[in-house]
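Structural overview for review
As a plain string of letters, each chain reads:
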Amino acid sequence: MLLRKITLSEFGAYRGEQSLDLTPKKNKPIILIGGLNGCGKTTLLDAIQLALYGRRARCSGRGNKTYESYLHESINRQADPTRGASVTLDFTIAVEGREHYYSVIRSWRLSGKSVKEFLNVFVDEQYGELAKSTRKRPELKFSKVLSEGWADHVEDLLPLEVASLSFFDGEKIESLADPDRAASFIKSAIRSLLGISTVEQLRTDLQALQRRQTISNEEQHLLDGVREQEQESKRAEQERKRAQQELDRLTEAHDEAKEKLEDAERAYKDEGGALFEQRVTLESARNAAATRLADTRVALIASAGGSLPLLMADAQLKAVSEQARRERVAAQAREVLDVLVERDTWLLDRLPEQAREGALKAMEADRAERAAAADLDVDLHLPANMLSQLEALTQTLDAERNQAHKLLAEAEAATEELAQLDRQLAGVPEKDEVHELLEDRAEHMRTVAVAADAVDRALQRVEEAKRHESNVNTALDRAHKDYIRTKVKEEEVNRINRFSEKARETLGHFSTALLQRHISRLEVAMLQSLQSLMRKQGLVKDIRIDTDNFTLTLSDTEGEEINPGRLSAGERQLLAVSLLWGLMKVAGNRLPSVIDTPLGRLDSRHREHLVDRYFPHASGQVLLLSTDEEIDEHLLGRLNKAVAQTYTLTHDDIELTTKVVKGYLWNAGASNVA
Amino acid sequence: MSLEHVRLSQPAKDRLIRLKRTTGIGQWNVLCRWALILSLKDPSTPLIRDIVTDSNVVMDWKTFAGTTHGDIYLALLKQRCVEDGEAPTEENVAKTLTVHLHRGIGYLGGQKQLTTIEGLIGSVAA
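The rules behind these values
- Residues numbered from 1 in each chain as written.
- Chains lettered and ligands numbered in written order.
- Predicted model: local features only at pLDDT ≥ 70, side-chain atom pairs only at ≥ 80, totals over all residues.
- Heavy atoms only, no water.
- Helix = DSSP H or I, 4+ residues; strand = E, 2+ residues; numbered from the N terminus.
- Buried < 20%, exposed > 50% of the residue type's maximum accessible area, 1.4 Å probe, protein only.
- Contact = heavy atoms within 4.5 Å.
- Areas by Shrake-Rupley, 256 points an atom, 1.4 Å probe, with all protein chains shown as cover.
- Buried area = accessible area lost by both parts, 1.4 Å probe.
- Salt bridge = Lys/Arg side-chain N within 4 Å of Asp/Glu carboxyl O.
- Polar contact = N/O pair within 3.5 Å; in protein donor to acceptor, adjacent residues only side chain to side chain.
- Nonpolar A, V, L, I, M, F, W, Y, C, P; charged D, E, K, R; others polar.
- Axes fitted to C-alpha atoms, helices over the stretch in contact; angles between N-to-C directions.
- Parallel < 35°, antiparallel > 145°, perpendicular 65-115°, else oblique.
- Expected span 1.5 Å × (residues − 1).
- UniProt positions renumbered as here; feature names shortened; annotations may be inferred.

**Digging into the overall build of chain A**
Each helix and strand counted, chain A has 16 helices and 15 strands in total. The buried share among the 674 residues of chain A stands at 42%. Counted over contacts in chain A with a minimum sequence separation of 6, partners at least 24 positions apart contribute 72%. When the accessible area of chain A is evaluated, it comes to approximately 37600 Å², of which 49% is carbon and sulfur surface.

**What about the interface of chain B and chain A?**
Listed by partner, the interface residues are 27 residues for chain B and 34 residues for chain A. Both faces considered, chain B and chain A share a buried interface measuring about 2700 Å² in area, 72% of it formed by carbon and sulfur atoms. Among the residues of chain B in contact with chain A, Ile72, Gln79 and Glu118 of chain B are the three that bury the most area, contributing 20% of the side total. Applying the counting criterion to the chain B and chain A interface returns one salt bridge. Note that arginine 297 of chain A is salt-bridged to glutamate 118 of chain B, the shortest N-O span being 3.2 Å. The tally of links between chain B and chain A comes to nine residue pairs in polar contact (both at pLDDT 80 or more). Of all the secondary structure elements, the ones that give two or more residues to the side of chain B that touches chain A are helix H2 (28–41), helix H4 (70–83) and helix H6 (117–125) of chain B. The biggest single contributor to the side of chain B that touches chain A is H4 of chain B, with eight residues. Its residues assigned to classes, the side of chain B that touches chain A comprises 17 nonpolar, five polar and five charged.

**Observations regarding the pattern of salt bridges**
Per the counting criterion, the structure on display carries 29 salt bridges over all chains. Across the pair arginine 15 of chain A and glutamate 10 of chain A runs a salt bridge whose closest N-O atoms are separated by 3.0 Å. Looking at arginine 15 of chain A, the relative accessible area reads 31%, which means it is partly exposed. For arginine 103 of chain B, the salt bridge is made with aspartate 42 of chain B, and the minimal N-O distance between the two is 3.8 Å. In this pair, arginine 103 of chain B is assigned in helix H5 (residues 90–110) and aspartate 42 of chain B in the loop between H2 and strand S2 (58–60), connecting sequence segments 61 residues apart. Judged by relative accessible area, which is 21%, aspartate 42 of chain B ranks as partly exposed. Sharing partners across several salt bridges, the network here consists of Glu523, Asp542 and Arg544 of chain A.

**Some thoughts on the packing of helix H14 (residues 569–587) of chain A against helix H15 (residues 604–614) of chain A**
All names here are of chain A. Where H14 meets H15, the axes come as close as 12 Å, and the angle between the chain directions of the two elements is 5°. Looking at the two axes, H14 sits roughly parallel to H15. Contact residues: H14 offers Leu574, Val577 and Trp581, while H15 offers His606, Leu610, Arg613 and Tyr614.

**Re H14 of chain A**
Residues and elements named next belong to chain A. The end-to-end C-alpha distance of H14, which contains 19 residues, comes to 27 Å, matching closely the 27 Å that a straight helix rising 1.5 Å per residue would cover. Within H14, 16 of the 19 residues are buried, which leaves the element mostly enclosed by the surrounding structure. Phi turns positive, to about 95°, at glycine 588, one or two residues after H14.

**Remarks on the UniProt feature "coiled-coil region" (unreviewed entry) in chain A**
On the UniProt side, "coiled-coil region" (unreviewed entry) is annotated at positions that read residues 390–424 of chain A here. Between the C-alpha atoms that bound residues 390–424 of chain A the distance is 50 Å, and the span itself is 100% helix and 0% strand.

As structure tokens, then:
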């Protein structure tokens, strides 16, 4: 991980927007930041942690204050609190072999009485792709996903525990100088920084996996099920066999009964066959006669709907006919009367004088007779064609009467025949012998029917038994399969348990070995560091770290244990620095070291050692925060060749604001020395 | 009362229902035609009484007389109306029809011979 740039806006003593380029150069890992006490060196260190971890950051300025009130107080006193403050941290980090450029902006402002905090994370365009490692800042893009889940994401990139190892100030070094506190620090450092916690996590996960594997106790239950089904299957088979035997027996009985019936019928035919056949013939003839009678009746009923009733009104019809004729004559007379008057007049004129008298009388008489005919006593106003209708009716009635005659004769014949056949049937003598045979035959017929019925039922029972048996067998198969599956699963559970136990054991060994290895490397690295830093070369010959409680043990040339109390405060400080350095060496210099006012209690020789031997080699990137007394002109000269950037934090005592100026204290001009 | 609708009394209807069963004839109008002619055949003047046509059996003239001999049935009725001493007005003809129809139904049910189809047909075509 490489810090690229930090920009502070209205943060603490920093007024307006101040930014520092933190990129190291080749073989020049040190970014030297100078400033007098109270200029805001520690604030800068806090800003880096705050940008990354927010609420969880261990800022020195926070103390026991709530996060919100800390943020509130961190807004520059001269800035508008409703516009708020922000910290922007740019950094690059290699994730899975690819270098990514991040820009994290944490800003907050006062809204009413509460503080509103915002976090925006920008990543390079190629985030997730293969990004080229360039020194130039690539195009960045806002990432909503990362912004919302930053707290989790940053824990993947740089866990807080690890970060707190690489960001240290004088106080931390002071506290590490205490051997008891050092022990817990070493413990957590080794666990998180050197990857032991990952192994432990893996072991815990495996255990969780083991616990999830429930060993089923349903195996016995399933086995019982199988046994039960097997018995059921046997029972079903026996049942089926029984039903089959019953069927066979009944079929035999049926066959026997049929044979007997055949015998009985044969006997009956032999003994009373003629009578039997006669009866059959008579019965069919009777049925035919009955059918014929019924048909005839239907025809008769149909003919009743015709003209037949009018046959009864013969006399009345004749009267109607007379009347009709009279009405027709009257009508004709009425029509000719006028014509006749004209004609008679015309005719009289043609006649000789002497004949006129007689003719006139005759003609008048004729006309009077005709007029009388035209005048009817009774006029029924019958239709003009009544006579022809009556004529037609007469013919229809003749035909229908003939038809009715025929039908009546047929009905009578059929009735007669029927009665005769009934008599004959009733009269067929039934000899006792034949009667007995008939009874016998009927008895056998009943037996056969009963037997056939029994056979049918037995057949059904057999079918049912077969179905039941096949169902039971299917269930048995299923139970078997379940049992086998459970067996297999149990086998698998056992295997998982066995192997995860093994893996856990191996991991335990691995963890112990790794710890041992890390500790021995740390011992070596720490001893090297200490020896290169210490003025008294021969004081500490060996450093031992206990693998159980992580306590440090120093021993002198004679192998005698050195009581830490015998060491001076400065020497203890050196021990703490060498512990951190050793850790960084073992961890592989992956992280930037941020070191705040490191030289407090050291004499000039030790300061030179640190400047010469520690700072340039502490890590790939070293942020060194120093006062003018700590890195003075003399030490700066010795350090200069490893320095990439220098900044000075200048404090304006009138405006109470800090500004960032390029160059270190003396080079930056006298303005800082107010 | 008009010729358009021929309506029966309840006792007549009951009797016809019985006759339908015994003769096998399924239609009201066929039985009614037989009844009417039976009564017209009897030259005695019917005892005139009020006939309450209170049943739900009702048919129009065309259904009653059938399709072919409507004129003849009407002519017979008119003639009988005159014979019974009434002018052949429409009202009198309708009254004659009702009176003779009900008397005929009485004859039909009253003679044992006429309650079978063979008897009925035999009475005219023997």
